[in-house]
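Topology and contacts: notes
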Amino acid sequence: MSEINLVPYNSGLQLGTEYLTREAAYFLGGIYSSGEFVRTGDDLYWIAPVRYNYRYASEIEIEEHFAHVKQMATTMNAQVLMAENVRGTSLDSGKFRLPGFGAFFKSTGLENLNVGIPQLKTALEQSPWDVKHAFMVGVFDGRGSIDINKQNFAIRYIVLDCPTNEIGYFLYDFFENNGFACNYNTARDRLEGGAPRKPQLRVKNSEWYMSRIGFISPKRFSLIHNAFMHTHSSVIIGDSSNILPGL
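Scope of this entry: the structure provided in the associated data block. Remember, it's a predicted structure, so these values are computed and weren't measured experimentally. The residue numbering used here restarts from 1 in each chain and proceeds along that chain's sequence as written. Local features in this predicted model are restricted to residues of pLDDT 70 or higher, and side-chain atom pairs are both shown and tallied only at a pLDDT of 80 or more, whereas totals for entire chains, interfaces and linings draw on every residue. Based on all heavy atoms of the structure, the side-chain values leave hydrogens and waters out of the count.

**So, the overall build of the chain**
Scanning the chain from N- to C-terminus turns up eight helices and eight strands. In terms of C-alpha radius of gyration, the chain reaches 17 Å, essentially the compact-globule figure of 18 Å for 247 residues. Over its C-alpha atoms, taken along the principal directions, the chain stretches across nearly 50 × 45 × 35 Å. Exposed residues in this analysis have more than 50% of their type's maximum accessible area, buried residues have under 20%, and partly exposed residues fall in between, with area computed by a 1.4 Å probe over protein chains only. Residues classed as buried in the chain amount to 49% of the 247 residues present. Secondary structure follows DSSP: runs of H or I at least 4 residues long count as helices, runs of E at least 2 residues long count as strands, and numbering of each begins at the N terminus. Throughout, the radius of gyration refers to the C-alpha atoms, and the reference size of a globule is 2.2 Å times the residue count to the power 0.38.

**Some thoughts on the pattern of salt bridges**
A pair is scored as a salt bridge if a Lys or Arg side-chain nitrogen falls within 4 Å of a carboxyl oxygen belonging to Asp or Glu. In total, this model carries five salt bridges according to the counting rule given. Here Arg-156 makes a salt bridge to Asp-147, at a shortest N to O gap of 2.7 Å.

**Overview of the packing of helix H5 (residues 129-141) against helix H6 (residues 165-177)**
Structural elements are reduced to axes, namely lines fitted to C-alpha atoms, with helices fitted over the stretch in contact, and the angle between N-to-C directions of any two is expressed from 0 to 180 degrees. Remark: H5 packs on H6, axes separated minimally by 12 Å, with the N-to-C direction vectors making an angle of 135 degrees. Of the possible angle classes, the one that applies to H5 and H6 is oblique. The two elements H5 and H6 cross, and the hand of that crossing is left-handed. From H5, Lys-132, Phe-135, Met-136, Val-139 and Phe-140 reach across to H6, where they touch Phe-170, Leu-171, Phe-174 and Phe-175. Residues that form the contact of H5 with H6 fall into these classes: eight nonpolar, no polar and one charged. An angle below 35 degrees is read as roughly parallel, one above 145 as roughly antiparallel, one from 65 to 115 as roughly perpendicular, and any other as oblique. Crossing chirality is assigned from the near helix's rotation relative to the far helix, an anticlockwise turn below a right angle marking it left-handed and a clockwise turn marking it right-handed. For this analysis, residues touch if any pair of their heavy atoms sits within 4.5 Å. Ten residue types, Ala, Val, Leu, Ile, Met, Phe, Trp, Tyr, Cys and Pro, are classed as nonpolar, four, Asp, Glu, Lys and Arg, as charged, and the remainder, Gly among them, as polar.

**Observations concerning helix H4 (residues 113-126)**
In this model, H4 (14 residues) spans 20 Å end to end at C-alpha, consistent with the 20 Å of a helix rising 1.5 Å per residue. Of all the bends in H4, the greatest, near 30 degrees, is centred on Gln-119. Buried positions along H4 lie against helix H1 (22-34), strand S2 (43-51), H5 and H6. For H4, the N-terminal capping position is held by Asn-112, with its side-chain oxygen 2.8 Å away from the main-chain nitrogen of Asn-114. A helix is expected to span 1.5 Å for every residue after the first. Axes are fitted to the seven residues ending at a residue and to the seven starting at it; the angle between these axes is taken as the bend at that residue. Here a polar contact is taken to be a pair of N or O atoms separated by no more than 3.5 Å, where protein atoms must pair a possible hydrogen donor with a possible acceptor and residues adjacent in sequence count only if both atoms sit in side chains.

**Structural notes on the sheet that holds strand S4 (residues 100-106)**
The strands making up a sheet associate through hydrogen bonds between their backbones, and the pairing can be parallel or antiparallel. One open sheet holds the four strands; their spatial order is S1-S2-S4-S3, and the pairing between them is antiparallel. Looking at strand neighbours, the two that pair on one side only are strand S1 (36-40) and strand S3 (79-82), the edges of this open sheet. Sheet twist, expressed as the average angle between the axes of neighbouring strands with direction ignored, equals 30 degrees. By the convention used here, strands pair only if DSSP detects at least 2 bridges between them. Pairing between S1 and S2: five bridges, direction antiparallel. Paired with Phe-37 across the two strands is Trp-46, which belongs to S2. Lying on the sheet, helix H2 (residues 59-73) is in contact with S2, S3 and S4; it crosses S3 at an angle near 165 degrees.

**Considering unusual backbone geometry**
Phi is positive for Arg-55, close to 65 degrees, though the residue is something other than glycine. Mapped onto the secondary structure, Arg-55 falls in the loop between S2 and H2. Phi is positive for Phe-153, which is not a glycine, with a value near 65 degrees. One can find Phe-153 in the loop between strand S5 (145-148) and strand S6 (155-161).

**Topic: the sheet that holds strand S8 (residues 200-203)**
Strand order in this open sheet of four strands is S5-S6-S8-S7, and the pairing throughout is antiparallel. On the outer flanks of this sheet lie S5 and strand S7 (182-185), each paired with one strand and no other. Going from strand to strand, the sheet's axes swing by 25 degrees on average, the running direction of each strand aside. When S5 meets S6, the two strands line up antiparallel, connected through four bridges. If you follow Ser-145 over to S6, its bridge partner there is Val-159. Each of S6 and S8 touches H5; the most contacted strand, S6, lies at about 90 degrees to it.

**Re the nonpolar core**
The term nonpolar core refers to a set of buried residues drawn from Ala, Val, Leu, Ile, Met, Phe, Trp, Tyr and Cys, joined through side-chain atoms within 4.5 Å. Counting residues in each nonpolar core, the largest one holds 71 residues, and the members touching the most others are Phe-27, Phe-135, Phe-140, Phe-175 and Tyr-209. Non-local contacts of Phe-140, meaning those with residues more than four positions away in its chain, are made with Ile-158, Val-159, Leu-160, Phe-175, Leu-201, Val-203, Tyr-209, Phe-215 and Arg-220. Counting eight residues, the second largest nonpolar core, distinct from the first, contains Val-38, Tyr-45, Val-86 and Leu-91.

So, to be careful, I would describe these as geometric facts and stop short of saying anything about function.
Take a look at the structure:
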């Protein structure tokens, strides 16, 4: 994409670019939707994590996902590391117990994601659709879950646990303003006790989401594809790898 079409943007991170590119937008989607970071020495790293529950995704599916994300990160001064190579190291945020991997971006001034929301929101609003598209992919690709009725294969929602209400409302507004039917549930206590539930962003129309956004994650894509195969007479698979690898 020509830089003429891109918006200058200072993310406060070492992204290897002074513009909001598709690749930068993808990783910022993962960073802002997770709110995860780690401090090592004097350095702060923001993380775009990809996680799967145990036995949820195969090693091949995780490795394929890893290869696509690593391809995007090669020119962006980012380390992309498998969870087993992070655990117990100085880059371990304490959340790498589950299978998956993470992309690490060194902060050049971004200390609080809530403070960065207005500037990111403005840059996204001024960006072309494919940059907005890449950001939306990044929001759900690493930690999103698919709420499927196992009896009739109907997809209720595509769901994201949000790190803060400020980020949750920002993402909700962004998706709503770009034509997606969503709802947002703030943090609430569990009826059975224990830690409160995370605030959640839920996209209602999975068909609209998949036809407009999609997944790089082979596992999350296959879950939705298999559900559609049960509920539709035919399914057309679109290739958007011209926007992001593997999309």
